[in-house]
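Residue-level listing of the chains:
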Amino acid sequence: MQAIGDTGGLRRWIISLFLIALVLGATFLVVTAYFPGDTYLESLEEAYVFLWTNTTRRQFTDIMRDRPWTFIIPAAGIIFISGWQLPRKYYGRAIFAYLVFAIGFLGGHVFS
């Protein structure tokens, strides 16, 4: 009986994760549709330039290099909360490993 409950919870969790990814992807597509560019990446770059020129007037990478805590504290918080909240099963550990890798990959690009 317990295996049925685990499968339903896992299924709901995977569907929720898929829907979140779908909404994020749709948001990026809608946002970049309003910016010029021949390809999606050019439109995304124009959207990024518009964002930082109208908010901080500096690229976010430069801000994080000047004040590393603006990257380190949120990254540590995301890793801590994810490690605490993700299930202790193989799929939860795999998601956690990919998440930590992605944060490290971003950090490597920001600080290199």
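Model, not experiment: these values are computed from the prediction.

A. Looking closely at the pattern of salt bridges. For the structure on display, the rule yields one salt bridge. With a closest N to O distance of 2.3 Å, aspartate 66 and arginine 58 form a salt bridge. Take arginine 58: its relative accessible area is 33%, and that puts it in the partly exposed class.

B. Seen up close, the packing of aromatic side chains. Under the criterion given, the structure shown has five aromatic pairs. Between tyrosine 48 and phenylalanine 60 the ring centres are 5.7 Å apart and the planes differ by 70°, which places this aromatic pair in the edge-to-face class. On the criterion of sequence distance, the pair formed by tyrosine 48 in helix 2 (residues 40-54) and phenylalanine 60 in helix 3 (residues 60-66) is long-range, its members being 12 residues apart. We classify phenylalanine 60 as partly exposed; its relative accessible area is 24%.

C. Up close: the packing of helix 4 (residues 69-85) against helix 5 (residues 90-111). For the pair helix 4 and helix 5, the least separation of the axes is 10 Å and the interaxial angle reads 175°. Considering their axes alone, helix 4 and helix 5 lie roughly antiparallel with respect to each other. In this structure, helix 4 uses Phe71, Ala75, Ile78, Ile79, Ser82 and Gly83 to contact helix 5, whose residues at the interface are Phe96, Leu99, Val100, Ile103, Leu106, Gly107 and Phe111. Here the residues of the contact of helix 4 with helix 5 are counted per class, giving 10 nonpolar, three polar and no charged.

Conventions used here
Residues numbered from 1 in each chain as written. Predicted model: local features only at pLDDT ≥ 70, side-chain atom pairs only at ≥ 80, totals over all residues. Heavy atoms only, no water. Salt bridge = Lys/Arg side-chain N within 4 Å of Asp/Glu carboxyl O. Buried < 20%, exposed > 50% of the residue type's maximum accessible area, 1.4 Å probe, protein only. Phe/Tyr/Trp six-rings, centres within 6.5 Å; stacked < 30°, edge-to-face > 60°. Helix = DSSP H or I, 4+ residues; strand = E, 2+ residues; numbered from the N terminus. Axes fitted to C-alpha atoms, helices over the stretch in contact; angles between N-to-C directions. Parallel < 35°, antiparallel > 145°, perpendicular 65-115°, else oblique. Contact = heavy atoms within 4.5 Å. Nonpolar A, V, L, I, M, F, W, Y, C, P; charged D, E, K, R; others polar.

No statement about biological role is implied by the geometric values presented.
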